Amino acid sequence: MPTEKSRPDKHGAITRAAAEMFLAEGFDRASLGQIAQRAGVSKQTIYSHFADKEALFKAICAELTEKLTIPLREALNPGADLRAALIRLGEDALAMMLHPASLDLHRLIVSAATRYPELGRAAYEAGAARMIEDLGTLIGERSRSGDGFTRAIDEPRAQLLAEQFIGMLRGFHQARGLLGVPPAPAEARQHYVQACVDLLLRGA
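Quantities reported herein were computed from a predicted structural model and do not represent experimental measurements.

Chemist: Explanation requested: the overall build of the protein in the structure shown.
Modeler: In terms of helices and strands, the protein carries 12 helices and 0 strands. Taken from the N to the C terminus, the helices and strands of the protein come in the order α-α-α-α-α-α-α-α-α-α-α-α. In terms of principal-axis extent, the alpha carbons of the protein reach across some 55 × 45 × 30 Å. Per-residue burial over the protein gives 40% buried out of 204 residues. For the protein, long-range pairs separated by at least 24 residues make up 69% of all intrachain contacts whose partners lie at least 6 apart in sequence. Distance between charge centres in the protein, computed from 25 positive and 25 negative side chains, equals 3 Å.

This is how it looks when you write it as structure tokens:
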């Protein structure tokens, strides 16, 4: 039988409940007791999965990034089409950025980072920094194999291109979402992502 700590259903219930409570109450006001009650577990169960509230917050950021980087991991397969993988990554990332819960989480991180700068740094490392690093690795590996790029790209250049690509994807789409401005139509966002991918591949 799996131990309490190893049960994925408990882990998922805790992180879902924590995300809901953080968004509803803010990082300061949300307590582990409230999270435990919402998840239907004991506080001790939470402590068997996470050291403290900060560790729980960091895990939520890491799990969000894990979902976003699925296309990157698939693109590491030598047989995968690079442009198609980048387009899927871009569409998934932009959709996630504009999801109401993600926008709320972004606002929460920004507000919490003022008092808890370590949370802001942790969220960045688990989110944007990891995406940039993984994408930079992919760009470097594919360029050295001559797949999708006209020349080999060294690591610093690959990381720069990855950061530029993620920045292009965000563009003003996320800013409009955070300010409550209606998003661009889905078809327009798809064309935007494709243009970003083509610009990356040409500019490399």
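So much for the structure itself; the text now carries on.
Chemist: Honestly, the nonpolar core in this entry has me stumped. Any pointers?
Modeler: One recurring pattern in soluble globular proteins is that nonpolar side chains are buried together. Counting residues in each nonpolar core, the largest one holds 27 residues, and the members touching the most others are Ile14, Phe22, Phe27, Ile35, Ile46, Leu56 and Phe57. Broken down by secondary-structure element, the contributors of at least two residues to this core are helix H1 (8-29), helix H2 (32-39), helix H4 (53-68), helix H7 (100-115) and helix H8 (117-126). Take this core: its biggest share by element is 7 residues, from H1. Leave out the neighbours within four places in its chain, and phenylalanine 57 touches Phe22, Phe27, Leu105, Leu108, Ile109 and Leu119. Listed in part, the 26 residues of the second largest apolar core include Ala158, Ala162, Cys196 and Leu200.

Chemist: Where do I start with the packing of H7 against H8 in this structure?
Modeler: In a pair of packed helices, the angle between the axes and the distance between the axes together describe the arrangement. The geometry of H7 relative to H8 is characterised by a closest axis approach of 5 Å and an angle of 140° between their N-to-C directions. One element, H7, and the other, H8, form an angle in the oblique class. The segment H7 lies against H8, with Ile109, Ala112, Ala113, Thr114 and Arg115 engaging Pro117, Leu119, Gly120 and Ala123. Of the residues assigned to the contact of H7 with H8, the class counts are 6 nonpolar, 2 polar and 1 charged.

Chemist: Could you clarify how one ought to interpret a negative patch on the surface in this entry?
Modeler: Taken together, Glu125, Glu133, Asp154 and Glu155 make up a surface patch of like negative charges. Examined against the element boundaries, aspartate 154 turns out to sit in the loop between helix H9 (128-144) and helix H10 (155-170).

Chemist: What is the right way to look at the packing of aromatic side chains in this model?
Modeler: The geometry of an aromatic ring pair comes down to the distance between the two centres and the angle between the two planes. Applying the stated criterion across every chain, the model contains 4 aromatic pairs. For the pair phenylalanine 27 and phenylalanine 57, a centre-to-centre distance of 5.5 Å together with 80° between the ring planes defines the contact as edge-to-face. Of the two residues, phenylalanine 27 is situated in helix H1 and phenylalanine 57 in helix H4; the sequence distance between them amounts to 30 residues. Each member of the pair, phenylalanine 27 as well as phenylalanine 57, is classed as buried. Ring geometry for phenylalanine 27 versus tyrosine 116: centroids 5.2 Å apart, planes at 65°, classification edge-to-face. With phenylalanine 27 in helix H1 and tyrosine 116 in the loop between H7 and H8, this residue pair connects regions lying 89 residues apart in the sequence.

Criteria and cut-off values
- Residues numbered from 1 in each chain as written.
- Predicted model: local features only at pLDDT ≥ 70, side-chain atom pairs only at ≥ 80, totals over all residues.
- Heavy atoms only, no water.
- Helix = DSSP H or I, 4+ residues; strand = E, 2+ residues; numbered from the N terminus.
- Buried < 20%, exposed > 50% of the residue type's maximum accessible area, 1.4 Å probe, protein only.
- Contact = heavy atoms within 4.5 Å.
- Lys, Arg positive; Asp, Glu negative; His and termini not counted.
- Charge placed at Lys NZ, Arg CZ, Asp CG, Glu CD.
- Core = buried A, V, L, I, M, F, W, Y, C linked by side-chain atoms within 4.5 Å.
- Axes fitted to C-alpha atoms, helices over the stretch in contact; angles between N-to-C directions.
- Parallel < 35°, antiparallel > 145°, perpendicular 65-115°, else oblique.
- Nonpolar A, V, L, I, M, F, W, Y, C, P; charged D, E, K, R; others polar.
- Patch = residues over 30% accessible without salt bridge, like charges linked within 9 Å, V, L, I, M, F, W, Y side chains within 5 Å.
- Areas by Shrake-Rupley, 256 points an atom, 1.4 Å probe, with all protein chains shown as cover.
- Salt bridge = Lys/Arg side-chain N within 4 Å of Asp/Glu carboxyl O.
- Phe/Tyr/Trp six-rings, centres within 6.5 Å; stacked < 30°, edge-to-face > 60°.

Honestly, it's all geometry; don't read function into it.
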